[in-house]
Amino acid sequence: MTNTQENTRLPKPFYAVAGVGELAYRRLRSLPERVEALRERITPRVRTLRDELPGRVEALRTEVPARVTTLVGQAREVYSGLVSQGEKIVSAARNGGTAVLAASPVSAPVKKAVKAAKKVGGRSRTEGASVAAKKATGPSRSRGPKA
C-alpha cells in the first residue's frame, strides 16, 4: 500500500491565504469581548455628552453671531485695503510706472488678513494665516496680459 500523502508543495500565495484566513478567524473570535469592552467605555461618555450638549449649543447660539459679525467686518477691512492697493497699482501701470509696480508693497492688506486669521478659532495660527494671506493676495499673477 502506498502512502497517499505525498510531499507536494503548493504555491506560496495559497499558504498566505490560509494564514490570513486563520488570523481572521482568531480575530473574529475575540470580537464579542472587544465589543463589550467598548460598550462599557462608551455608555458613560455618551451620557456625559448628552448632558453637556444643551449648554454647548446655547453658548454657540450667543457666540457665533457675534463672531460672524466680527469676521465680516475684518473681511471688509481687508477687501478695502486690497481695493485701495489695486487702484494704486492700476493707476501706476496706466501712467507707465512699471518700477512702482515692482516696488509696490501688498503687505498692509496681508498683515490685516494674518491678524484676522490668528483670531479665527479651530485652525492653527500658521494654517489660518496662510489661508488668509492667500485670500488677501488674490489669484496668482502668473497669467499673461489679456489680448
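Residues numbered from 1 in each chain as written. Predicted model: local features only at pLDDT ≥ 70, side-chain atom pairs only at ≥ 80, totals over all residues. Heavy atoms only, no water.

Describing the pattern of salt bridges
Step number 1: One pass over the full model with this rule turns up three salt bridges.
Step number 2: Arg26 is paired through a salt bridge with Glu22; the nearest N and O atoms lie 2.8 Å apart. Remark: Glu22 and Arg26 occur in helix α1 (residues 12–29); sequence separation between them is four residues, near one turn of the helix.
Step number 3: Between Glu58 and Arg61 there is a salt bridge; the shortest N-O distance is 3.3 Å. Of this pair, Glu58 and Arg61 both sit in helix α2 (residues 31–94), three residues apart, roughly one helical turn.
Step number 4: Looking at Glu58, the relative accessible area reads 42%, which means it is partly exposed.
Step number 5: Taking relative accessible area as the criterion, Arg61 reaches 56% and is therefore assigned exposed. (Salt bridge = Lys/Arg side-chain N within 4 Å of Asp/Glu carboxyl O. Helix = DSSP H or I, 4+ residues; strand = E, 2+ residues; numbered from the N terminus. Buried < 20%, exposed > 50% of the residue type's maximum accessible area, 1.4 Å probe, protein only.)

Brief notes about the confidence of the model for the protein chain
Step number 1: With 61% of its residues at a pLDDT of 70 or more, the protein chain shows a mean pLDDT of 75.
Step number 2: Below pLDDT 50 for its whole length, residues 122–134 participates in 10 contacts with residues either more than four positions away or in separate chains.
Step number 3: Under a pLDDT of 50 for its full length, residues 139–147 has, in the predicted model, two contacts with residues more than four places off or in other chains. (pLDDT = per-residue confidence, 0-100. Contact = heavy atoms within 4.5 Å.)

Some remarks on the packing of aromatic side chains
Pairs of aromatic rings are described using the distance from one ring centre to the other and the angle between the two planes.
Step number 1: Tallying each qualifying case throughout the model produces one aromatic pair.
Step number 2: Seen in terms of ring centroids, Phe14 and Tyr15 are 5.9 Å apart; in terms of plane orientation they differ by 75°. Their pairing is edge-to-face.
Step number 3: What makes Phe14 partly exposed here is its relative accessible area of 48%.
Step number 4: Here Tyr15 falls in the partly exposed class, since its relative accessible area comes to 35%. (Phe/Tyr/Trp six-rings, centres within 6.5 Å; stacked < 30°, edge-to-face > 60°.)

Quick word on α2
Step number 1: Compared with the 94 Å implied by 1.5 Å per residue over 64 residues, the 73 Å span of α2 between its first and last C-alpha is markedly short.
Step number 2: Of all the bends in α2, the greatest, near 35°, is centred on Glu52, and the proline Pro54 appears no more than four residues after it.
Step number 3: Taken together, the buried positions of α2 are Gln74, Val78, Gln85, Ile89 and Ala92. (Expected span 1.5 Å × (residues − 1). Bend = angle between axes of the 7 residues up to and from the residue.)

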